[in-house]
Amino acid sequence: MRVMKNPAVLAVSRAAVVAAALLTAPALADDFPSAISVSGEANVSVAPDLAQIDAGVANDAKTAKDASDANNAAMGKVLLALKSAGIAEKDYQTSRLSLQPQYGQNKSTGASPVVGFRASNRVTVKIRDVTKVATIIDTLVGAGANDIGNISFEVTQASKLLDDAREQAVADARRKAEVYARATGVTLGAPLSVTEGGGPVPLFKGRMAAPMAAAPQAAVAPGEETLSVTVNVSWAIKPGQ
């Protein structure tokens, strides 16, 4: 037996399904508010307030003991000079210590016998008054340090100094958002989210202008550090007025 379906009933059923879909669509859209998301940037230039220097002494001798003893004595003079210059003990630290054999060459046999030993000791020094960097370098050299390098400058209160830049970055983000809002015929509502981007503030690497042995005083230029901040802001949008 064949059952006949009423076309009128089918039409009403399809209309009900379409109406239900139209009614639920706005509700789903409300769960995902429209927004304009932009990034704002700002920079601030400040002078560094901390310097760090890596200095070392190296000594050669026929025996390991003689090389080690000579190196200990040489580094002792360097550390004493740092203390006399007003550097606190917490601000200098041994960074590398080594004792290595030195090889020669026997032309007749081709062998490489040990002909001596080299002892070396390095210390990392923090200088909290960057105006004294050149003076401290000269102190190190005068005390016997024969290898100085890796001079760097740092801004220790970078986060606090960035507070003004953060306000400027948010203002920059709003300016950009308003441009997009005008271009698309909407107006900005309340901010939905604000996040700060970027990584650690990099150190500014300084270099001596000339070899220390060739100048009466080491020439060091601390320069300025440019600190940057980026913020990502999302604003709700409303129909244009």
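Note: the structure precedes this text.
**Q** Explanation requested: the packing of helix H2 (residues 64-84) against helix H3 (residues 133-143) in the structure shown.
**A** A pair of packed helices is characterised by two quantities: the angle between their axes and the separation of those axes. The geometry of H2 relative to H3 is characterised by a closest axis approach of 8 Å and an angle of 150° between their N-to-C directions. Classified by the angle their axes make, H2 and H3 are roughly antiparallel. The element H2 and its partner H3 pack so that their crossing is right-handed. When H2 is examined against H3, the residues Ala74, Lys77, Val78, Ala81 and Leu82 are found in contact with a partner set consisting of Ile136, Thr139, Leu140 and Ala143. Its residues placed into classes, the contact of H2 with H3 shows 7 nonpolar, 1 polar and 1 charged.

**Q** Please clarify how helix H5 (residues 163-184) should be interpreted in this entry.
**A** Residue pairs spaced three or four apart in an α-helix point in one direction, given the helix's 3.6 residues per turn. Taking 1.5 Å of rise per residue, 22 residues should cover 32 Å, and H5 covers 32 Å from first to last C-alpha, within 8% of that figure. By the burial criterion, the buried members of H5 are Ala165, Ala169, Asp172, Ala173, Ala177 and Ala181. Phi turns positive one or two residues past the end of H5, at Gly185, with a value near 75°.

**Q** Looking at this structure, I do not really get the nonpolar core. What am I missing?
**A** The nonpolar side chains of a soluble globular protein tend to be buried with one another. Residues Ile53, Val133 and Leu140 are the most contacted members of the largest nonpolar core, which totals 24 residues. Looking at this core, the elements with two or more residues in it are strand S2 (50-61), H2, strand S4 (114-127), H3 and strand S5 (147-154). Beyond its immediate stretch of four places on either side in the chain, Val133 contacts Ala51, Ile53, Ile127, Phe153 and Val220. Core analysis: the next-biggest nonpolar cluster, separate from the first, contains 19 residues, Ile36, Leu188, Val229 and Trp235 among them.

Here is what the cut-offs are and how they apply
Residue indices begin from 1 for each chain and proceed along its sequence in written order. Reporting in this predicted model follows two pLDDT cut-offs: at least 70 for local features of residues, and 80 or more for side-chain atom pairs to be given and counted; totals over whole chains, interfaces and linings ignore these cut-offs and use all residues. The side-chain figures draw on all heavy atoms in the structure; neither hydrogens nor water molecules are used. All axes here are fitted lines through C-alpha atoms, helices being fitted over the stretch that makes contact, and every angle between N-to-C directions spans 0 to 180 degrees. Numbered from the N terminus, helices here are DSSP runs of H or I no shorter than four residues, and strands are runs of E no shorter than two. Roughly parallel refers to an angle under 35 degrees, roughly antiparallel to one over 145, roughly perpendicular to one between 65 and 115, and oblique to any angle outside these ranges. A clockwise turn of the near helix away from the far one marks a right-handed crossing, whereas an anticlockwise turn of less than a right angle marks a left-handed crossing. Residues are treated as being in contact if the distance between any of their heavy atoms lies within 4.5 Å. Amino acids are sorted into nonpolar (Ala, Val, Leu, Ile, Met, Phe, Trp, Tyr, Cys and Pro), charged (Asp, Glu, Lys and Arg) and polar (every other residue, Gly among them). For a helix, the expected span equals 1.5 Å multiplied by the number of residues minus one. Type-normalised accessible area, obtained with a 1.4 Å probe on protein chains alone, sets the label of each residue: buried when under 20%, exposed when over 50%, and partly exposed for intermediate values. Remark: nonpolar core denotes a set of buried residues (Ala, Val, Leu, Ile, Met, Phe, Trp, Tyr, Cys) joined through side-chain atoms within 4.5 Å.

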